[in-house]
Structures are given as C-alpha cells and as structure tokens.
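Chain by chain, the residues:
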Amino acid sequence: WLKSWPQRHGPFSRRYAVAHSMEVEAAGKDFTSVIEKGAEQEKVQGIDAADVKVINQDSEADCKKGGALAAGEEVDIWTLRNIGFILQYFAVGLIYGGLPATVYGFFLGYLNVPGYIYATASVVTTLPWSFKVAFGLLNDCLPIRGYRRKPYMVLGWSICFVVLVILSWKPLPEPYYCRLPDGGFDEDKVCNEEAQMQGGSFALLMCLAALGYVVADVAADGLMVEFAQREPEEKRGTIQTTIYLVRTLGMVFAVALVGIGMNGKEYQGTFDFSLTYSQVMLIFSLPAGAMVPISWFLVQDSPIQPGERKSFKMYCSQAWALITNKAIFVVIMYDFWEALIGRISTTAGGLVKSEWAGVKNFQNQLFTLVSLLVFAYSLHLVKKYFLNFSWRKMLLITGIILNLLDATLALCTTYDVVRNQYFYLGETILDEIPAAANFVVGSFIIVEMADKGNEGLTYGLFTTVSNLGSPFSRAIGNQIFGLFEPNLSDRANYKLDTMEFRHTVARSFLLSYAFSFASFLLLVLLPYQKQEAQRRKREWSHRPAFGYITCGLVLFAFIYAMTVNFLTMIPETACLQLIGGSGC
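Residues numbered from 1 in each chain as written. Predicted model: local features only at pLDDT ≥ 70, side-chain atom pairs only at ≥ 80, totals over all residues. Heavy atoms only, no water.

**Quick word on the overall build of the protein chain**
In terms of helices and strands, the protein chain carries 23 helices and 2 strands. Looking at the protein chain as a whole, 55% of its 584 residues are labelled buried. Looking at the protein chain alone, contacts between residues at least 24 apart form 82% of all its contacts between residues at least 6 apart. Summing over all exposed atoms, the protein chain offers an accessible surface of approximately 24,700 Å²; the carbon and sulfur share of this is 63%. (Helix = DSSP H or I, 4+ residues; strand = E, 2+ residues; numbered from the N terminus. Buried < 20%, exposed > 50% of the residue type's maximum accessible area, 1.4 Å probe, protein only. Contact = heavy atoms within 4.5 Å. Areas by Shrake-Rupley, 256 points an atom, 1.4 Å probe, with all protein chains shown as cover.)

**Observations regarding the nonpolar core**
Counting residues in each nonpolar core, the largest one holds 144 residues, and the members touching the most others are Phe107, Trp157, Leu164, Tyr213 and Met224. Non-local contacts of Trp157, meaning those with residues more than four positions away in its chain, are made with Gln88, Ala91, Val92, Ile95, Gly212, Tyr213, Ala216, Ala288, Met291, Val292 and Ser295. (Core = buried A, V, L, I, M, F, W, Y, C linked by side-chain atoms within 4.5 Å.)

**Looking at the pattern of salt bridges**
Tallied over the entire structure, the rule returns 12 salt bridges. The closest approach of N and O atoms between Glu266 and Arg179, which form a salt bridge, is 2.8 Å. On the criterion of sequence distance, the pair formed by Glu266 in the loop between helix H10 (238-261) and helix H11 (277-297) and Arg179 in strand E1 (residues 177-179) is long-range, its members being 87 residues apart. Relative accessible area serves as the criterion here: at 16%, Glu266 is assigned to the buried category. (Salt bridge = Lys/Arg side-chain N within 4 Å of Asp/Glu carboxyl O.)

**Re the side chain of Ser371**
Its place among the elements puts Ser371 in helix H15 (residues 361-385). Taking the relative accessible area as the measure of exposure, Ser371 reaches 2% and is therefore buried. Residue contacts for Ser371: discarding those within four places in its chain leaves Thr428, Ile429 and Glu432.

**So, unusual backbone geometry**
Glu485 connects to Pro486 through a cis peptide bond whose omega is -5°. Structurally, Pro486 is set in the loop between helix H19 (455-481) and helix H20 (491-496). The backbone of Asn112 sits at a positive phi, close to 55°, despite the residue not being glycine. Take Asn112: its relative accessible area is 4%, and that puts it in the buried class. The phi angle at Asp416 is positive, at roughly 60°, despite the residue not being glycine. Overall, the relative accessible area of 40% leaves Asp416 in the partly exposed class.

**Some points on the packing of helix H5 (residues 83-110) against helix H9 (residues 199-228)**
Any two packed helices are characterised by how steeply their axes cross, that is the angle between the axes, and by the distance between the axes. One way to put it is that H5 packs onto H9 with a least axis distance of 10 Å and a crossing angle of 155°. Considering their axes alone, H5 and H9 lie roughly antiparallel with respect to each other. Crossing handedness for the pair H5 and H9: left-handed. Broken down by class, the residue content of the contact of H5 with H9 amounts to 20 nonpolar, 3 polar and 2 charged. (Axes fitted to C-alpha atoms, helices over the stretch in contact; angles between N-to-C directions. Parallel < 35°, antiparallel > 145°, perpendicular 65-115°, else oblique. Left-handed = near helix turned anticlockwise from the far one by under 90°. Nonpolar A, V, L, I, M, F, W, Y, C, P; charged D, E, K, R; others polar.)

**Re a nonpolar patch on the surface**
Taken together, the side chains of Tyr385, Phe386, Phe389, Ile397, Ile401 and Leu405 define a hydrophobic patch exposed on the protein surface, amounting to about 560 Å² of accessible area. Considering each element in turn, the nonpolar patch owes the most residues, 3 residues, to helix H16 (residues 391-414). Structurally, the position occupied by Tyr385 is in helix H15. Tyr385 gets classed as exposed once you look at its relative accessible area, which sits at 54%. (Patch = residues over 30% accessible without salt bridge, like charges linked within 9 Å, V, L, I, M, F, W, Y side chains within 5 Å.)

**Some details on the side chain of Asp217**
Structurally, the position occupied by Asp217 is in helix H9. Setting aside its immediate chain neighbours within four residues, Asp217 contacts Tyr89, Val92, Trp129, Lys132 and Arg247.

**Observations regarding the pairing of strand E2 (residues 185-190)**
Sheet topology places E1 next to E2; 3 bridges connect them, and they run antiparallel. The residue bridging Arg179 from the neighbouring strand is Phe185, located in E2. Hairpin connection from E1 to E2: 5 residues lie between these consecutive antiparallel strands, with Gly183 at a positive phi of about 95°. (Pairing = 2+ DSSP bridges.)

**Re the environment of Pro287**
Checked against the element boundaries, Pro287 lands in helix H11. Using a relative accessible area of 23% as the deciding quantity, one classes Pro287 as partly exposed. C-alpha of Pro287 to C-alpha of Trp157: the two residues are 130 residues apart in sequence and 9.1 Å apart in space.

**So, the packing of H9 against H10**
Following both chains from N to C, one finds H9 and H10 inclined at 150°, their axes separated by 10 Å at the closest point. Taken together, the axis directions place H9 and H10 in an arrangement best described as roughly antiparallel. For the pair H9 and H10, the contacting residues are Asp217, Asp221, Met224, Phe227 and Ala228 in the first and Ile239, Gln240, Ile243, Tyr244 and Arg247 in the second. The residue inventory of the contact of H9 with H10, partitioned by class, reads 6 nonpolar, 1 polar and 3 charged.

**Some details on the packing of aromatic side chains**
The tally for this structure, following the rule as stated, stands at 37 aromatic pairs. A ring pair is formed by Tyr96 and Tyr213, whose centres lie 6.3 Å apart and whose planes are at 55°; its orientation type is tilted. Highlighted residues: Tyr96 in helix H5 and Tyr213 in helix H9, separated in sequence by 117 residues. Classification of Tyr96 by relative accessible area gives partly exposed; the value is 22%. A ring pair is formed by Trp356 and Phe501, whose centres lie 5.9 Å apart and whose planes are at 75°; its orientation type is edge-to-face. Residue Trp356 is located in helix H14 (residues 349-356), and its partner Phe501 is located in helix H21 (residues 499-519); the two are separated by 145 residues in the primary sequence. These aromatic residues form a ring-pair network of at least three members: Phe106, Phe107, Tyr110, Phe202, Tyr267 and Tyr277. (Phe/Tyr/Trp six-rings, centres within 6.5 Å; stacked < 30°, edge-to-face > 60°.)

**A word on the confidence of the model for the protein chain**
Here the protein chain averages 82 in pLDDT, and 85% of its residues register 70 or above. Residue range residues 1-63 is modelled with pLDDT below 50. Its contacts to residues more than four positions away, or to other chains, number 54 contacts. (pLDDT = per-residue confidence, 0-100.)

Here's what the structure looks like:
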C-alpha cells in the first residue's frame, strides 16, 4: 500500500500545475488589493482586473473542491521536500516506543520495584503528552524567527538528545537481588534493598526526555492538521493514518532493539549477554540528535507574513471562543471522562505477568512488536475500509470484544487454568485493535473541529485532555487498588499464591473491566461521522459555562495527577498509603 501512494495522489508534476494567480498569492500578494488599487482598469500581464478577480475566485473554489476544509494544493507528503515531516513521526516512534519498553526489564526486573510503582513509572515516561495544549499555544502564538513549527522541532529534539545522553552517563545502582555466576539473580537473597525506591530519578529523567520529543511532535501535528485540511472529504484522514503508521514503524524498531539487546537475565530476560540500560539510552540519543538538523533543513514550514502574527491576548480570546463552543465542549467531556473512567486498571497486572505467567523480557517485547504491527494494520484497515464508518459503532464493537477476550486471558492466568507467557501475552495484541480505532477517531475529530490559525491549539487541547486521563486514572487506580488486601503490589503474595489472594486479584481485574464498560456510555457524546461533526460546529451554541468547566476540570486533573504520580517517584514518599503504598 505504501507503493500505491504516488498513484493515489497523482503525478508529482501536478503540484506545480497551479494558475498564475495562485503563484502571486503564494508570494504574499492578494488579488483583491490589486484590483482595488488598479482603479484605472489597468491590465496585469494582459489580463483585465475583472478577469483576475474571476481567476482568483475560481482558484480558491478549485482548492476547496471535493469538500476540502482549507484552500491550498493537496500535499504530497512523500516528496523529498517533505521528508523531514515524515521523519518527525518515525523518530518520535523510536523514543516513544523505546523508553516505555525498558520499564519492564529495568524497573520490575533489575530494581524489583513494587507493582504500583511499576505501573506509575510506565505512565510517567509518557506524562509530557499531557502538556500538548501549552506547546500548541506556543506554536501558534509565539513564532521563532518567523516560523511556527520547525524551530520548536529543533528545540524539542535538542532537549531530548541532551537528556538521553545524561541518562546514558548516570551510574546504575546495584540490583535488588544478589547476582548469580551465570548473570541471573538469586531471588532468595537481597543485596540492595534500596534499589526498590531508586527508580524515581530514572523515571523523571525519562519523563524529561519525553518532554523534548513531545515538543517536536506538537509542532509536527500542527503541520499535519494544515495538510489534512487540504484533503478532499472522501480522502480526508489519509495523511493522519499514514503518519501514524510511520510512527508505529519507529516503535517497532525500538521495541525490537530493547527486546533483543536488553534481554539479559538481569533484565527479566534469558540471554547470557545484554546491552545495559545506559547503553540503550545512548543508542536512542543518536536519532534524537540527528533530528535537530533534519528538522531545520528538511521541513517545509511557511514563514508567517507581516500582520499574521497573533498577540497573546488575541490568541487567548480565540482559545476561549474555542472551548466555549458546545461542539468542542462535548468532545472534550468525552475525551476527559472516557480516559479517566475507562483506564482505571488494577496494579496487579505487572506482577501477574512476571510471577504467574512467567513472561520474559524478550517475549514481552516480541509481543509488543507484534501488537504494534497489529496497530499499524488496524490503521491501514481504517484508512482503506472505514473512513466513513460510524465512529461510535467502531469504538463500541472493538471495545466490547477486547474486554471479553482480555478478561478470559486474565482470569485463566489468575486461577491457574493456563499459566503460559504466550497465552497471557495475547492480551498485549488484543489491546491494539480498539486502541487503533480510538486513536484514529480522535485524530479525525480534531481535523474537523480545527480552524485555520489555531490548528496547534486545537490538536493540543483535545490530546492533552485525553492524555491527561492516563496519569489521572493511574493515580486513582493506585489509591483504589491500594485498599485491596492482601496487598496487590507485594511480590511475596504472588509467590505464596493462595486461593484467597487469587480471589483478590480476580476482583481487581473485574473492577477494571467494570470501569471500562461504564466508559462506553459516554459514546453518545461523540458525533457519528465527519458531516455530523461539521454540523455541530456550525450550529451549536457558545456558552461561557463550557469554558469554565473545561478549565476547571483540566486544572484539577493536572494538579491531582502530577502530585500523586510524582510522590510515587520520590523515595521518601513512595511508601505513603495515600498513593497506594503500604505505609511509611
């Protein structure tokens, strides 16, 4: 399907077959002003002013034919001049997939952290996605050297590169368990009990590295929305699915590197040799560093014209108008509550995987890799067959099927019906089918709702609200499941494996699925499809109350999630019962 892109988008030369009127306009000249100043009916290169006006109107109409949301030529993202745009997503995929992939082996294996800290570390490494709205505002409001996108790409990748190098230099503590001569651990003998609480500094640095690539990603997303809005209606969504396929490909490479290179016995693996955590961080720093010059020289970011730069006050007014729109508000409420309710999950998952299912690091990364391929193929299916399928039905059907199959795998493992790492890891693959549907639908809605000039803010607002659900729901999940007895985060309970404890773990899984099913009730808030989204945007009202509710919810969720999750990462506070610990 990748080879078919040139045929789908037409010959390369078509991009240059533009009327003379569009060339002048691209140079910053408006035909309307030419006509007004040409009161004497003078001719421009032999064409009457009246004819020029007609050509200008026809050109704009041609650009929007087929239901495009914005004027301009449809963008061919596979040309050399746009290769930097595509590479943004491949590099983001490498780091976005690579950093979380190290958590299972390093945190749960090498450091032997409690279950709730392991679950929180996985969230903290992707926490900066919750800042996207702020980065989107900076993109749209504060251009650097006349550009809105690529300077932020350069800045973001520079931060990511520096922090990854620091992580590669940071000394590793001694592992929790004593080492055996073959490189494995003697799980009956503890040599560094403090290792359990030393993962926080590594997680926070990984969070800072993620902050860098998210800055770059937001800038790329702003360009993506601009490009996607030039697509005709029947093809709109193609650019989005393509770039996320590329990002998923980057994640596949990263997971393969961690799965094979970091599969030593000290990292929950089986090999006698292994790259260290520090060496893996150094490898990931290389593409981050390469993206700095690529972002500047190989990204086509049109400089803003004089008078196009918005003041912060004006932009805040536009942002307020955006969040007081009922059509936007309803989608925000879906993103917030679906993410909060639907992602509350048990803290037992990590230890069930490692202790009862016996999942090794290589197999864990292998199935993650397969799940990414399933995600990519799901995106391809959506692009090919379901661009115009009901968004509500797509999310409902995939969500119900996932939960039923997932429950079967988890409960069979819990009650020792089948305890096999390959059986249990089927859950990893199943998760990606509804994830792809949810991801694509969310991306489609953003394109339909964004206005020209606030693309970065719109994308950042929706994705911030959705991404904020993960740390918020994780914080709540730590508190809820921290009340279960016997303790779900204590590895010793899994080794004892009593029937009483199996019932406790099963109840925690069933409660997680109950939250997930409850979130399906929120689907009524979503529009059915593109036309419905556009109708809502045109016809639904504006009210200040929508803006106050949005700001209040986002601010509260942000403060609450940051506080609880960061307290979990600090050794002195990680034991607090408030955040899921056993007490200090």
